[in-house]
Every structure is written in C-alpha cells, then in structure tokens.
Amino acid sequence: MAKKKKSKATTQSDIGLIGLAVMGQNLVLNMADHGYKVSVFNRTTSKMTDFIAQCKEREPSHERVIGYAKLRDFVMSIKRPRKIIMLVQAGFATDATIDSVLPLLQKGDILIDGGNALWTDTIRREKDLAVKGINFVGSGVSGGELGARFGPSLMPGGSKEAWKSLKPIWTAIAAQVDRKTGKPNEDYQAGKPVKKAEPCTYHIGPNGAGHYVKMVHNGIEYIDMQLICEAYMLMKTILGMKPDEMGKVFARWNKGLLDSFLVEITADILQQRDPANKKNFLVDKVLDTAGQKGTGKWTAVNALDMGIPANAIAEAVFARCLSAIKDERVVASKKLKGPRKRYSGSKPALVKAIHDALYSSKICAYAQGFQLMAEAQNEYDWKLNFGKIAGIFRGGCIIRARFLQKITDAYTKNPKLQNLMLDPYFKKALHDSQRNWRKVVVLATEHGVPVPAFMSALSYFDGYRTAVLPANLLQAQRDYFGAHTYERTDKKRGQFFHVDWPEPDRPQLKV
Ligand code: 2AM
C-alpha cells in the first residue's frame, strides 16, 4: 500500500494500471523490471493487496509497484500527463471503468485499453473522450501471460501525440527481435543489455487501428492453430502415429520453415505425459471441445461485412463450433458411416506432404489476414505499414514465427503488394508445395478425415488463381429470378444487361 508522501517528485508513479488479473499483473512486473514506477488499482481490493504482498516477496524492482485501494488516490499518484492502462474485460467492464476514472482525469491524460476490445468500440471511446480532452489509446497486447511478463507484441492505436508519450515505455517493455534476422533476442530474454534489437511495437495508426490489427492477429492465430491440429489429426488417423512420435515430428518442423511458437508448444504438448497416469499422454485425455472468446469470430464477421474472402479464417472458427457439439458428434459417429480405407503408402512421404500442406495453407491464411487489413485501411482511412505489422508479430505474440520475416521482406520490397501469394518468395513456396498439398487433401477426403482449413485454404488458392469462375452462371441465375442484371464479357465493365427469361414452369394454383 502507498506510504505517506514524501515529496511529489519522489513519490509520483510513471504509469498506472487498473485490472490485476493475470495479464495486468504480468504487465506491471514487466514495467517495474524496466525501471518504471507503477501504481495499481483493482475493483476488488483484496486482489491488489495480495499482489502487492507477493511483489514484496519477489525482486527488489517490484518495490516500484504501489497499490491503491481508492481510485482517487491511485489517479493522483501518477505523473501528469497521466498514463493509465486498463486491463479489464472487454465491453461493459471497460465502459464502466472509463466512467469511474474519467471524473478524476485532467486534459491531456492518456487512458489506454490493453484488453481485446472490438475496434469499433475503441473508435467510439476515442471520439467520446477526445471531446473531453482525454487521449484514448486502444493497444493490442499479445503474448499471453509470459508475453506480458517478459515482452509482449504491442499494437497501439490512438493519436500521434499519445504515442509520443507512450513510446519510451512501450518500446522498453515489448518483445525484442534481432534487427536483421527477426529472431527473438535471447539476450533480452535473459535480461542482458540488448544489442541490435528491434522492439515489437510501433504506432499502428489512429483510433481503432491497434485493436483492429490485434483482432486480425487473433483471427490468424485461430487458423494457425487449426492447421496444426489438422496436421496432427492426419498423422494420428491415417498413419496411426502416437503423440510422442508426432511431437518429435513437430519438433523437427520447428527447426525449419515452420519454426514458430505454436509449432514449438505443439511439440511439447504432444510429448507431455498425463500427470494422473504417466503411462498415458496428456493430449489423449484432453476433451476435444474448443472454447473461444470471440476475436476469431469478430475477424470472420468483419471479413463477411467487408466482402473479403477470408474463408480459411472463418473455417477455423467453424471448426471450433463443430468441436463444441461433442454430444451430437458422438451420436452421429455411430450412425453416419465414412470410408474404410487403410493407407499403404510411404510414411515419411506422407509426413513430408503434411508439412507442405501446412506451410502452403499457412501462406494462404496470412494472405487473407493481410487482405483484411488492407481493406480495413481503406474503410477507416488508416495508413498501415504491413511490413512493420509483420515485423511486430515476429516476437512476443502467439503467432510469432520465422515465416513473418519473409512477410516483412515481401512488403518492404513492395509496399503495394496486392496479395502475399503474389510475392516471388511465397509464389515459389506455393508452387513447390502444392503437389503435396493436393495429395494431402485428396487423401484426407478418401479416408474421411476432416481437414476444413487445409481444404478451404486450397480452394482460396485455386479460386484466386482462376481467371473465370462459375459466377457467370450465378449472375445469370440472379438475373433469372430477381432481374438483378449482369455485365457482359464482350462489353465494358459497368454496363448492365437483363434478359426477359421465360417464366419457369410452376404448379398452377387451383382456385
Ligand atoms: P475484479 O478483480 O474486481 O473482478 C479481469 O476480469 C479484470 O477486470 C479484473 O481485474 C476485474 O476486477 C476487472 N473487472 C471486471 N469487471 C469490471 C468492472 N465492471 N469494473 C471494473 N473492473 C472490472
């Protein structure tokens, strides 16, 4: 708890944080480690006092964390212009927290929402608070609790003025990657002085841009995870591989093109024994129903709203929905029959093909995520730097991967790149691996193994590279039943035609 003030200069904090759940606590410790004095407040005071008691038991730097039971004391303890991070639940709780703290703030103070807010809420809040002279910043924070503690990827929106104030803290606490290779900087993680490092944060753009990019990051995370799960399902079902054997495959993949946090943890998870019975593997005891908090769904909904074909991302959300209807699936599994087929080909060849299918699908999924951001920037008049966005995804966050350096390179070479698949590096990668990708999708179909994300990504690839889709027939259908008109291939675009179609045969109503 706060000691009696000695003098304003020595007691005032650099920053404040409201919301001491796991992410909040870890972010506070990260800031304290970097020399910042942090005031903390939590609605339920006992959480704050427990946290402060733990801080006292830990490192000396954590003495820099000061808890306040009263919101007024908390706000007054922070240097002006005040910087206050909220890490409370998205939605109602965020609005309630803003309402409670607002009367205590002064013009020029900066209120930061570090939660997973819907970007349109962030735009609304920034507008409302700007009228009152308060700078509101929606900042994506990615990396889970470890990221928050030792270096997250930070995606701040808000005004340039607010970013100027936040930049020193944000760049200090963010994950750091090697400037050249893009690899997470191990010196930084070990607490040594950092050389040639680049922080995983930059000012994404005004208003909701930071939260928007964080949302798309999460949408990509959904599909990244789903693709890995489909690779696992194929090895398990078609090749009958045991978890530890698959774990070793993922560990090997993690040394190559697929090097990423999610592949790394998958390797660990698959080799983990069940603590309740060491004979078993834990993964076999985990119920196959996936939860979700909504950011993947928001991404898919936004793709539909903007008319951007992010089908693989949406598929990843639906895959979780299908997993959640476990009871129905169990009943159906006894009633609906699939093929009975045994694989008799080469095991190493299929494992390699699955690797290639995973890599190609991942390229398509990222292409979709970046297409979404490109469309959103037009809609909201943001000027997003895609090379930099991929750059800040390289460390700290859940989708961090070696692959992201290639995306940074692609957009650095060509900032106007229309689709990631058209970059020479990714084009070659898709060309090189599509044979295996198709083989895997065919094999999955023949064996009745669901691989919605692999298939959906492949259809995206095939659809995008097809000059003439069957939408000619579709548009004719629309003209037939609804006089929606059509454009002609032999006329200029923008001219619309209609045919007086014959009345379809309909059963006559008896009068
Ligand atoms: P609590 O400990 O008092 O529940 C994540 O749930 C964080 O959000 C917690 O710190 C929680 O505080 C806080 N929180 C949730 N709802 C809130 C609300 N309506 N007002 C303020 N804080 C809230």
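In every chain, residue numbers begin from 1 and rise along the written sequence. pLDDT decides what is reported in this predicted model: residues at 70 or higher carry local features, side-chain atom pairs at 80 or more are listed and counted, and totals for whole chains, interfaces and linings draw on all residues regardless. Excluding hydrogens and water, the side-chain figures rest on all heavy atoms present in the structure.

Enquirer: Looking at this structure, I do not really get the overall build of the protein chain. What am I missing?
Expert: Within the protein chain one finds 21 helices and eleven strands. Considering only C-alpha atoms, the protein chain reaches an extent of 85 × 65 × 55 Å along its principal axes. Working definition: with a 1.4 Å probe on protein chains only, accessible area under 20% of the residue-type maximum means buried, over 50% means exposed, and in between means partly exposed. The proportion of buried residues among the 511 residues of the protein chain is 49%. We call two residues in contact whenever any of their non-hydrogen atoms come within 4.5 Å of each other. Put simply, 69% of the contacts in the protein chain that link residues at least 6 apart link residues at least 24 apart. With residues, only the protein chains shown are counted as cover, and all accessible areas are computed by Shrake-Rupley using a 1.4 Å probe. For the protein chain, the computed accessible surface area is about 26500 Å², with 55% contributed by carbon and sulfur atoms. Of the side-chain charges in the protein chain, 77 are positive and 50 negative, and the distance between the mean point of each set is 4 Å. Labels follow the DSSP assignment, with helices taken as runs of H or I lasting at least four residues and strands as runs of E lasting at least two, numbered in each case from the N terminus. Note on charges: Lys and Arg go in the positive column, Asp and Glu in the negative column, and His and the chain ends are not counted at all. A single reference atom marks each charge: NZ on Lys, CZ on Arg, CG on Asp, CD on Glu.

Enquirer: Explain the packing of aromatic side chains here, please?
Expert: Within a pair of aromatic rings, the relevant descriptors are the distance that separates the centres and the angle that separates the planes. Stacked, tilted and edge-to-face are the three classes assigned to paired rings of Phe, Tyr and Trp, where Trp is represented by its six-membered ring and a pair needs centres within 6.5 Å; plane angles under 30 degrees give stacked, over 60 edge-to-face, the rest tilted. Counting across every chain of the model gives 17 aromatic pairs. Taking 5.9 Å as the distance between ring centres and 75° as the angle between the ring planes, the aromatic pair formed by Tyr 359 and Phe 403 counts as edge-to-face. With Tyr 359 in helix H16 (residues 347–380) and Phe 403 in helix H18 (residues 403–413), this residue pair connects regions lying 44 residues apart in the sequence. Comparing Tyr 359 with Phe 403, the two get one shared label, buried. Ring plane angle 25° and centroid distance 5.5 Å describe the contact between Phe 370 and Tyr 411, whose orientation is recorded as stacked. Taken together, the positions of Phe 370 in helix H16 and Tyr 411 in helix H18 put the pair 41 residues apart, joining distant regions of the chain.

Enquirer: What is the right way to look at the site of the ligand in this model?
Expert: Proximity criterion: a residue is near a molecule or strand once any of its heavy atoms comes within 4 Å of it. Close contacts around the ligand come from Gly 19, Leu 20, Ala 21, Asn 42, Arg 43, Thr 44, Lys 47, Leu 87, Val 88, Gln 89, Ala 93 and Thr 97, and that covers them all. In the analysis that follows, any N or O atom pair within 3.5 Å is treated as a polar contact, provided that within protein one partner can donate a hydrogen and the other can accept it, and provided that, for residues neighboring in sequence, both atoms belong to side chains. Here an oxygen atom of the ligand and a side-chain polar atom of Lys 47 are 2.7 Å apart. Alone, the ligand offers 480 Å² of accessible surface; in the complex the protein occludes 82% of this. Using a 1 Å grid laid over the protein atoms alone, points where a 1.4 Å probe fits but cannot get out form a cavity; open sets with protein on both sides within 12 Å along at least 5 of 7 lines form a pocket; any residue with an atom within 4 Å of a point counts as lining. To decide whether a molecule occupies a pocket or cavity, check its atoms: if more than half lie within 2 Å of the grid points, it is inside. Put simply, the ligand lies in the second largest pocket. Looking at side-chain class alone, the shell around the ligand contains five nonpolar, five polar and two charged residues. We call Asp, Glu, Lys and Arg charged. Ala, Val, Leu, Ile, Met, Phe, Trp, Tyr, Cys and Pro are nonpolar, and the rest, Gly among them, are polar.

Enquirer: Could you clarify how one ought to interpret the sheet that holds strand E5 (residues 110–113) in this entry?
Expert: In any sheet, the strands associate via hydrogen bonds between backbone groups, in a parallel or an antiparallel arrangement. At least two bridges found by DSSP between two strands is the condition for calling them paired. Within the open sheet, the seven strands sit side by side as E3-E2-E1-E4-E5-E6-E7. Their pairing is mixed. Looking at the sheet topology across the chains shown, the edges are occupied by strand E3 (65–67) and strand E7 (153–156). Pairwise comparison of adjacent strand axes, ignoring direction, gives a mean angle of 25° for this sheet. Bridge analysis of strand E6 (residues 135–142) against E7 gives four bridges, and the strand direction is antiparallel. To obtain each axis, a line is fitted to C-alpha atoms, and for helices this fit is confined to the stretch in contact; angles are then taken between N-to-C directions over 0 to 180 degrees.

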